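Below are the chains, spelled out letter by letter.
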Amino acid sequence: MNYIDEIQAQEVLDSRGNPTVKTTILLSDGSSASAIVPSGASTGKREALELRDGDTRYLGKGVLKAVENVNTTIAEELIGLSPYDQSAIDNLLIELDGTDNFSKLGANATLGVSMALARVAAKSLNIPLYRYLGGANALTLPTPMLNIINGGSHADNTVDFQEYMIMPIGFDCFSEAMRASAEIYQHLKKLLNEKKHITSIGDEGGFAPNLKTNEEPIQVILEAVKKAGYKEGDQIAIALDVASSEFVDENGIYHLKGENRKLSNEELIEYYENLINKYPIVSIEDGLSEDDWNGWEKLTQKLGKKIQLVGDDLFVTNAKILEEGINKNIANAVLIKPNQIGTISQTMQTIRLAQRNNYKCIMSHRSGESEDAFIADFAVALNTGEIKTGSTARSERMAKYNRLLAIEKELAYPIYLGKKLFG
């Protein structure tokens, strides 16, 4: 019987130069695979705990405690077990921690083990990761959501909304969708230069210009779409990640500092409605605060049949919280971030719950990323249909897109939903 022979974690650096956990698992048949855990900047209150050392190293952001937890507590329990029962081992990680949010071992410790386990099991069986996790049904290439203008906590500029994304929906295959996106990105850079804006980029590869309003980035992007020779709405749609929890006060008032405005949740919903009536916006993420559930009910009633309303901070990839949202008819889509919940099996449970209830799923990176492209395979495995992993810049973002391009070539009959998602 093939079994787990060795588990070894180490501290490495992510795309922001902050420490994170890399875990390597070696099997008795000689198979070996590693995984690197990402880290977010804009985080929900109810996310699983990312264990940091809190000492003087790396301004308190070291992860040696999480590394030690992998190399001792976790390794001692997992060595000798079969690598092929993902659910059983993930459940064992949950039991070893014994808390609701991995505050003992750290979700960065458990997720690194969980990801590496899936990868090494697939490698030992000589099948792709997406096939191992998804079986014969893993056929759908996700429509990308490319963050090409950054604001909020992802950039040091005057734009309140965190991400302005393009979605190449009107294409027959993933590779053509990526070509169009890359061309639009280059035209956007030229336009910003012509308008005398800075073209430095944020954490996720998008440009971070100082623009006058939160509407202006949409206008500039659509101008770039036209310059690139594509049709807005028909071929290219707009998606927003507002990340409103970052600019709401304790009284539930939303501060659009870039526009010097203070809005109630109803006024902010009206603000969104005006935007979607003017522009080809198909998706808004975290349109209201994670604590503003009454507001989310109003938002869903008002716009839920018109566009995709995505819960990120709202649901934090947690099946229990998502189930509550489903029961209350809040939102109609969920962002999927494995490090918000702590294991691959828990992430899969959330995705399947969403899909059973006709909630769309968007596989997502974090702002602190690495060369690890696990989520590309994961998106195909679970047929999420959408993926959010940055712009066509920065190698830690392109690693995911390049992996998806490779998967497209591997599949005999790849499916690209594109416009079917929103048509």
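Residues numbered from 1 in each chain as written. Predicted model: local features only at pLDDT ≥ 70, side-chain atom pairs only at ≥ 80, totals over all residues. Heavy atoms only, no water.

As annotated in an unreviewed UniProt entry, the protein is Enolase from Helicobacter valdiviensis.

Going through the model one piece at a time under the given rule, you end up with ten aromatic pairs. Between Phe-247 and Tyr-254 the ring centres are 6.2 Å apart and the planes differ by 75 degrees, which places this aromatic pair in the edge-to-face class. Taken as a pair, Phe-247 and Tyr-254 share a single burial class, namely buried. Note on Phe-374 and Phe-378: the rings are 5.5 Å apart at their centroids and 75 degrees apart in plane angle, and the pair reads as edge-to-face. Of this pair, Phe-374 and Phe-378 both sit in helix 11 (residues 374-381), separated by four residues, roughly a single helical turn. Like Phe-378, Phe-374 is buried. Through pairs of rings, three or more aromatic residues link up here, namely Phe-161, Tyr-164, Phe-247, Tyr-254, Tyr-271 and Tyr-272. (Phe/Tyr/Trp six-rings, centres within 6.5 Å; stacked < 30°, edge-to-face > 60°. Buried < 20%, exposed > 50% of the residue type's maximum accessible area, 1.4 Å probe, protein only. Helix = DSSP H or I, 4+ residues; strand = E, 2+ residues; numbered from the N terminus.)

The next point concerns the domain arrangement of the protein. Split into domains, the protein comes out as domain 1 (4-126) and domain 2 (140-421). A C-alpha centroid distance of 27 Å is found between domain 1 and domain 2. Each partner contributes to the interface: domain 1 provides 32 residues, whereas domain 2 provides 35 residues. Across the interface of domain 1 and domain 2, roughly 2,600 Å² is buried in total on both sides, 48% from carbon and sulfur atoms. Between the two partners, domain 1 and domain 2, sit four salt bridges. Residue Arg-119 pairs with Asp-372 through a salt bridge whose shortest N-O separation is 2.9 Å. (Domains from an automatic or database assignment. Contact = heavy atoms within 4.5 Å. Buried area = accessible area lost by both parts, 1.4 Å probe. Salt bridge = Lys/Arg side-chain N within 4 Å of Asp/Glu carboxyl O.)

In the numbering used here, UniProt assigns the feature "binding site: Mg(2+)" (unreviewed entry) to Asp-241, Glu-285 and Asp-312. Maximum C-alpha separation among the annotated residues is 9.3 Å over a sequence range of 72 residues, consistent with a single clustered spot. As for its position among the elements, Glu-285 is in strand 10 (residues 281-285). Apart from the residues lying within four places of it in its own chain, the contact partners of Glu-285 are Leu-240, Asp-241, Val-242, Ala-243, Val-310, Asp-312, Leu-335 and Lys-388. On the basis of relative accessible area, Asp-312 is assigned to the buried category, the value being 3%. Apart from residues lying up to four places away in sequence, Asp-312 is in contact with Glu-285, Asp-286, Leu-335, Lys-337 and Gln-340. (UniProt positions renumbered as here; feature names shortened; annotations may be inferred.)

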